[in-house]
Number of protein chains: 2
Amino acid sequence: MVSEIPQAEKHIFQKFDVELANLVDKLLEMGGLVEKQLNDAINAFTEMDTELASAVIVNEEQVDEFDVEIDQLCVRLIAMRQPTASDLRLILGVGKSVQDLERIGDEADKIAQLTLQMSEEGSVSTSIGRSKIRYIAKYVSEMLRQVLDAYGRLDADLSLTIARKDKIVEEEQESATRELVTYMMEDPRSISTVMHVMWGLRSLERVGDHVENMAEHLIYTVKGVDVRHSTLKEMKKKIRKLAR
Amino acid sequence: MVSEIPQAEKHIFQKFDVELANLVDKLLEMGGLVEKQLNDAINAFTEMDTELASAVIVNEEQVDEFDVEIDQLCVRLIAMRQPTASDLRLILGVGKSVQDLERIGDEADKIAQLTLQMSEEGSVSTSIGRSKIRYIAKYVSEMLRQVLDAYGRLDADLSLTIARKDKIVEEEQESATRELVTYMMEDPRSISTVMHVMWGLRSLERVGDHVENMAEHLIYTVKGVDVRHSTLKEMKKKIRKLAR
């Protein structure tokens, strides 16, 4: 088949492939930065490291720059190459995932802001809920790493593992909230601090949601199935059917 | 200029214009449903109306169906019509706004779920923070109405009013949180109820964020300026420059 394509056209195709690969690379580069932002924000929060928190807030601008850059790249590729089918799906999928990555960056920024706020209010007792935060953060961080790896290999199967992990994060979140409420009941003076920890946990939950969205965009990109509103069970069924 | 276009080609253009108008109509139709979902969820929450809350949860499926349908329409339009410039921007802008509308639907669903949870736990004293919730909900709901109206007229100027309102919502949110913390401190038995009210308020804040995103997508669609990461002040400056 390939040999039937005239030389000039083949050249265009190859050039387009390189452009698509560059697009994915840009997404991964942005993903690496967001990952660092998230991990730094969590460390700043659990260690009450205001210097690190400030760094996260400053670096947020770089995330925004990536967002605009990749988005413009997507628009240019569509307008110039007029892609169809899987190429178009890839570009649109990257476009959507960029939005999710940007929102994860926002959540990292929020966690960093919380850290500064807590420090100003003199909350030093971050030992409340600290181990829970670390635990949930580890999960969420792993999910983000995995979805980025999966994008690098355009591997839709890994997305399932990620969707499963998101369920665990939600459950842990609920148990953590319950635990934190008991702290507040026992000592009303802890309420303000505990509230901040709760907002931090909420941010992590949102990060998990965004990673799951990215996994769904990837499945759509690779397999062309819209799984956004499927439950995990239906999702598995759909993928199994396609694998046959 | 128009008369120079051959008859057949003109026909294609006209057909494409109709398709684009239909796309925006679909977005507005989805917007109307999401608006109703949001208002119903808020009423259910403040009145502890579990029946209405259940209806919101059931209707969430319709929102998801719109999401998938409009997204597929966008992909089809790009693949078949290979639009460039402003037409492409419109399609991509609608595609992004659909995502935001869908998330607003998710928040309505969350508020409805909260209502059922509170009812199960026997919290009837929703008078706590009720007036604040109503007040903020009114603002957020108005913002959503306005952004949908602006989409209907492809009017980017209204977007500015919306961005300004979102700032007010954030401020009200902060003052409400402060007030709610005092309730918890005064009566630790109220903690669980107050937490639910806080989650409800958080959901409304997210709705405001999504409406602001939609306004930004609209400005980008109409004016071709990326305002996503501009502050309100910079945004105004950019628009003023374009108006000259």
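Just so it is clear, the model here is predicted, and its values are computed rather than measured.

This part takes up the overall build of chain A. Scanning chain A from terminus to terminus reveals seven helices and zero strands. In sequence order, chain A lays out its α and β elements as α-α-α-α-α-α-α. Burial statistics for chain A: of 244 residues in total, 52% are counted as buried. Here the contacts in chain A between residues at least 6 apart in sequence split such that 80% fall between residues at least 24 apart. Taken as a whole, chain A presents about 11,200 Å² of accessible surface, with 51% of it coming from carbon and sulfur.

The next thing to look at is helix α3 (residues 85–120) of chain B. Between its first and last C-alpha atoms α3 of chain B spans 53 Å; for 36 residues at 1.5 Å apiece the expected length is 52 Å, and the two agree. G122 of chain B sits one or two residues past α3 of chain B and shows a positive phi near 75 degrees.

Moving on to the relation of the copies chain A and chain B. Mapping chain A onto chain B calls for a screw motion: a turn of 180 degrees about the axis and a shift of 0.0 Å along it, with 0.0 Å RMSD after fitting. Here the two chains are linked by the operation of a two-fold rotation axis. Residues of chain A ranked by C-alpha distance from the rotation axis are headed by Q82 of chain A, positioned 2.9 Å from it. Both copies contact each other with a shared surface, as 100% of the interface residues of chain A are interface residues in chain B too.

Turning to the environment of I91 of chain A, a few remarks are in order. Residue and element names in this part refer to chain A. Within the secondary structure, I91 sits in helix α3 (residues 85–120). Taking the C-alpha atoms as reference, I91 lies 27 Å from L204; in sequence the two are 113 residues apart. Dropping the residues within four chain positions of it, I91 is found in contact with F16, L20, L23, C74, L77, I78 and P83.

Going through the model one piece at a time under the given rule, you end up with zero disulfides over all chains. Left unpaired, C74 of chain A is separated from the closest cysteine sulfur, that of C74 of chain B, by 14 Å. Judged by relative accessible area, C74 of chain A falls into the buried class, the value being 6%.

Okay, the confidence of the model for chain A next. Residues with a pLDDT of 70 or more make up 84% of chain A, whose mean pLDDT is 85. With pTM at 0.86, the complex prediction returns an ipTM value of 0.82.

Structurally, the position occupied by A79 of chain B is in helix α2 (residues 50–81). Classification of A79 of chain B as partly exposed rests on a relative accessible area of 24%. Excluding its chain neighbours within four sequence positions, the residues that come into contact with A79 of chain B are T84 and L88 of chain A.

Here we take up the pattern of salt bridges. What the rule picks out here adds up to 40 salt bridges over all chains. For R206 of chain A, the salt bridge identified is with E107 of chain B, shortest N-O distance 2.8 Å. Remark: E107 of chain B occurs in helix α3 and R206 of chain A occurs in helix α6 (residues 191–223); the pair is interchain, linking two chains. Look at R206 of chain A and you get buried, because its relative accessible area is 11%. According to the relative accessible area criterion, E107 of chain B is buried, its value standing at 2%. Linking E19 of chain B and R81 of chain B is a salt bridge whose minimum nitrogen-to-oxygen distance equals 2.8 Å. Separated by 62 residues along the polypeptide, E19 of chain B in helix α1 (residues 7–47) and R81 of chain B in helix α2 bring together distant segments of the chain.

Quick look at the packing of α3 of chain B against helix α6 (residues 191–223) of chain B now. At their nearest, the axes of α3 of chain B and α6 of chain B sit 9 Å apart, and the two run at 170 degrees to each other. Taken together, the axes of α3 of chain B and α6 of chain B are roughly antiparallel relative to one another.

Rules behind the numbers
- Residues numbered from 1 in each chain as written.
- Chains lettered and ligands numbered in written order.
- Predicted model: local features only at pLDDT ≥ 70, side-chain atom pairs only at ≥ 80, totals over all residues.
- Heavy atoms only, no water.
- Helix = DSSP H or I, 4+ residues; strand = E, 2+ residues; numbered from the N terminus.
- Buried < 20%, exposed > 50% of the residue type's maximum accessible area, 1.4 Å probe, protein only.
- Contact = heavy atoms within 4.5 Å.
- Areas by Shrake-Rupley, 256 points an atom, 1.4 Å probe, with all protein chains shown as cover.
- Expected span 1.5 Å × (residues − 1).
- Least-squares fit on C-alpha atoms with pLDDT ≥ 70 in both.
- Disulfide = S-S within 2.5 Å.
- pLDDT = per-residue confidence, 0-100.
- Salt bridge = Lys/Arg side-chain N within 4 Å of Asp/Glu carboxyl O.
- Axes fitted to C-alpha atoms, helices over the stretch in contact; angles between N-to-C directions.
- Parallel < 35°, antiparallel > 145°, perpendicular 65-115°, else oblique.

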